[in-house]
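Chain by chain, the residues:
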Amino acid sequence: MTRRRLPVVAALIMYRAGSLYEPHGKSGLAHLTEHMMFRGTPTRPQGDIDRLIGRVGGANNAVTTSDHATYYFTLPSEHWATPLAIEADRMWNCDLDETTFGTERRVALEERAMLDDDPEALAFEAVDSLAFEGHPYEYPVVGLSSDLEGMTVDDVRDFYDDRYRPAEAVLAVVGDVREDQVAAEVERLFAKGAQVPRASAVTARLERTDGEAVARRATAAGVDARPGARGSGPRRTTLSGASPVPRVVLGYMTPEAMHEDTAALELLCAVLSSGRSSVLYRELVDGSGVATEVSAYKLPQVEPGLLYVGATLNAGESPERCEDRLTGLIGDIVRDGVSEAAMERARNLTLVDVMIGRETCLGVAGAVAFWESLGGWRLGRDHEERLSRVTSDDVRRVAEAYLDPDGRSSAWLVP
Amino acid sequence: MSRGPERVVLDNGLTVVVERVPSAPVFTAMLVVEAGSRFDPPGRAGLAALTGGVLVEGTNVRSARSMALAVDSLGSALDSVTGYETTAVVGSGLGEHCSETLLLLAEVVTSPRMSRSAVEECVRRQVSELADDSAQAYERCRQVFMSTVFDGHARANPVGGLVDDVLAMTHRDTDAFHRAFYRPDRAVLSIAGDLPRAELVEAASESLGGWTAPAAAQPREPEPPSPAEGRRVSFTRMDSRQVHVIVGNVALARSDPLYYAAAVMDVILGDSAGFGSRLATRLREREGLAYVIESDASGTAGVEPGVFWAYSATSPGQFERLLEGLMQELLLMRAEPPSDDELAAAVGYLTGRDVLDRETSDAVAGRLVHAERHGLGLDFDERFPEHVESVTREAVLEAARRFIDPDTMTLAVVGPLDAEGVSFPDLS
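Residues numbered from 1 in each chain as written. Chains lettered and ligands numbered in written order. Predicted model: local features only at pLDDT ≥ 70, side-chain atom pairs only at ≥ 80, totals over all residues.

J.: What is the right way to look at the overall build of chain B in this model?
T.: Secondary structure assignment for chain B yields 15 helices and eleven strands. Against the compact-globule benchmark of 22 Å for 428 residues, chain B has a radius of gyration of 23 Å, which places it among compact chains. C-alpha extents for chain B along the principal axes are approximately 65 × 55 × 40 Å. A total of 428 residues make up chain B; the buried ones form 55% of that total. (Helix = DSSP H or I, 4+ residues; strand = E, 2+ residues; numbered from the N terminus. Rg over C-alpha atoms; globule rule 2.2 N^0.38 Å. Buried ≥ 20, exposed ≤ 12 C-beta atoms within 10 Å, placed from the backbone.)

J.: Please clarify how the nonpolar core should be interpreted in this entry.
T.: Nonpolar side chains in soluble globular proteins generally cluster together in the buried interior. One finds A:Leu12, A:Ala365, B:Leu31, B:Val264 and B:Met265 to be the most contacted residues of the largest nonpolar core, which totals 258 residues. Setting aside chain neighbours within four positions, we find B:Met265 in contact with B:Ala297, B:Met333, B:Val396, B:Ala399 and B:Ala400. (Core = buried A, V, L, I, M, F, W, Y, C linked by C-beta atoms within 7 Å. Contact = placed C-beta atoms within 7 Å.)

J.: Would you mind showing me how to read the confidence of the model for chain A here?
T.: When pLDDT drops low, the exact placement of atoms in the prediction is not to be read closely. Per-chain confidence: chain A averages 89 in pLDDT, with 90% of residues scoring 70 or above. Scored below 50 in pLDDT, residues 201–222 of chain A makes 28 contacts in the model with residues more than four places away or belonging to other chains. (pLDDT = per-residue confidence, 0-100.)

J.: Sorry, what's going on with the domain arrangement of chain B here?
T.: It is common to give the size of an interface as the accessible area lost on bringing the parts into contact. Residue and element names in this part refer to chain B. Examined at the domain level, chain B breaks down into domain 1 (6–208) and domain 2 (232–421). Look at where the C-alpha atoms of domain 1 and domain 2 centre, and you get two points 28 Å apart. Across the boundary between the two partners, domain 1 contributes 29 residues, which contact 33 residues of domain 2. For the side of domain 1 that touches domain 2, the elements supplying multiple residues, two or more each, are β2 (15–20), β3 (26–33), α5 (137–149) and β6 (187–193). Per element, the largest residue contribution to the side of domain 1 that touches domain 2 is nine residues, and it comes from α5. Broken down by class, the residue content of the side of domain 1 that touches domain 2 amounts to 16 nonpolar, seven polar and six charged. (Domains from an automatic or database assignment. Nonpolar A, V, L, I, M, F, W, Y, C, P; charged D, E, K, R; others polar.)

J.: Whenever I open this one, the domain arrangement of chain A confuses me. Can you help?
T.: Residue and element names in this part refer to chain A. Each domain of chain A was delimited in the assignment, giving domain 1 (8–204) and domain 2 (235–414). Computed from C-alpha coordinates alone, the two centres of domain 1 and domain 2 are separated by 28 Å. Between domain 1 and domain 2, the residue contacts involve 28 residues of the former and 29 residues of the latter. Where the side of domain 1 that touches domain 2 is concerned, the elements lending two or more residues are β1 (8–15), β3 (69–76), α5 (119–131) and β4 (169–175). The biggest single contributor to the side of domain 1 that touches domain 2 is α5, with nine residues. Classifying every residue of the side of domain 1 that touches domain 2 gives 21 nonpolar, four polar and three charged.

J.: Please clarify how the sheet that holds strand β7 (residues 291–298) of chain A should be interpreted in this entry.
T.: Strands in a sheet are paired, the pairing made by backbone hydrogen bonds, and the direction either parallel or antiparallel. Residues and elements named next belong to chain A. Taken together, five strands build an open sheet; the order of strands is β5-β9-β6-β8-β7 and the sheet is mixed. Both edges of this open sheet fall to β5 (235–240) and β7, since each of them pairs with a single strand only. Each adjacent strand pair in this sheet contributes to an overall mean axis angle of 10 degrees, direction not counted. Here β7 pairs with strand β8 (residues 305–313) via seven bridges, running antiparallel. Within β8, the position partnered with Ala296 by the bridge is Val309. (Pairing = 2+ DSSP bridges. Axes fitted to C-alpha atoms, helices over the stretch in contact; angles between N-to-C directions.)

This is the structure in structure tokens:
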């Protein structure tokens, strides 16, 4: 996509290579593979990528989520071809040797230890662990220390061979470039992968026909996001000594990003926590002084995932009272619905977030790649269109369908 | 259409700098007031942050709730951020709501309610956040480092202050601080967004042109910090998984002639793209000792001298090796100039990144404030590459020798160690 305001280009490649595709007992494998992708190729020694990008003023990094591993660049547009050459090279030729693997595994273990010292990260990991039992989303993307310690370079090689192939990737280039030139270069660099089929083993599980089929598969793996499907009661874990002030995180199972209810659920999150007039801010921060921070958000995920509702409490406040208050406020929405004025505020705030995301070439590239990986980049436009049409009845309906008090998982962190 | 920034000074002394950023139909407005924690009175550490926090809790004409409804109805955001030197009140949203959001921003800044109950609520929140920070290993390490480097100076305190000081504050304190420091002749308003510059200037004038400066003289400038005498070691035992370590010392102000050389040094030593710096290449990429390792000397350079610091965290069993490697790299940086290739790469990084930093209205508004506060001129963006390209290898060495000072260096360590195991390594 051409954007000419500044001589800047963003390029990213998004692989369907997140933690969703890890074999059981190998948590952290997708993320460790992402680390290894910076370890060089036969023609590009370790550190070369950072040197090449750095000396022209570019920025590059990667991120692994539950669904994807994404490698991204922003740099002056005259160098637009450099990231394409880097990605074509490491898609096929990544050096995966024993010595560098050992070093990188130590780095990953340090990253794991860093998260162990982060109360907020621990709270979300605890909720995931309860809610996704038996499903790959159960485990943190960075992995468990015990799994990382037992991992071998062969595990990384297998994962790399399986997931890092053209049919599992989306490449997006946005900025001050000519589309025909980019297309020709991509053809030249990546054409040899045209005949490589999609990954086999795990992909079969994800081939989708309709939302219901996906929900059934997820159910088989321990996750059920169908309206009407209920747990046997709320599940809760309490971590003592992990946080200096109390924290509460609730997780409610909701459908995958492609589901028609996703837009209404996002608006529900905005009603709950966007802006100081939002329900949670007004009632927990501004009004009662129970909390210092509140949040509600839903990650767009390939499979059914959680809508999180969280609060960081003032010292001395009770997590139990806070959780009761949170579920009570959600109950109010189910019972009374949402006013038109509150809906309008939520829509406006959500729209501004979308616009801010479009300010950078990288923001546009990321959104385009994400929706393309789910089926087509135009789905992003459809989603924005859907956001603008969500009604208060929709928000009340999805709150009732998915934010069932008996189906929630919660984590309390207490001092 | 004319491009670049435009600057006007309103009759009340408020400096306004605006620039059109046509990347998306949004805007960011930053009213930056010389009212940071460096102006906290003795025994009132945290007052600047408290005052900044209370600003958005209601005005003389509308309650906090009514203000929240007004802001959110536009889809805008309005908040305040206090730092060491300034407090920024930041409004953002869709360009079509720029004027209305600026009127709300002006109301917040010029006529805050400062009610007793709002101040009490903000005190409680600020104390809770201080407790949260001081019990987390990284934040605690940063606090310990700053309090040791700047011992006896206002910069020793966290911006949020000290718990006992904050607990003693009332609405009378915030009101007095507001009256003394929030005035148009010690503020800069920058606006960047997808609107014509003339429209932005007009919106600024309409919203804040009526803000009157008090007759009282400007508050006195605080004394800048002095370098510490001798090396210092500060250790705090904490049952965290990692040991967090920061080494550093008082460094340079933004006006220092070696500022650009320090920026180049930062890229070479610990602040480059990816993991290409000397510290990351050795201690992360080669030795696998840490996930995060970074350093910076120019980033905190302000009206007052900031700090040079190098930070990392590792498992207890690797702490000594990490610290030794880190100190060796700092001393190497002081021992000889960088290679021609390192210099060229760092200069290329800074000049290339300069363009990338202009993508968003938020970033542009921040750059406008930076240039105005430090007297860099409206053509700062155009001249930035010249400044960086004129840095020599010798200048980088001089910057390293001035700003990485082993003789006055502080070592701050927080983690699950015994105190006797914590000291500067012998590198002789």
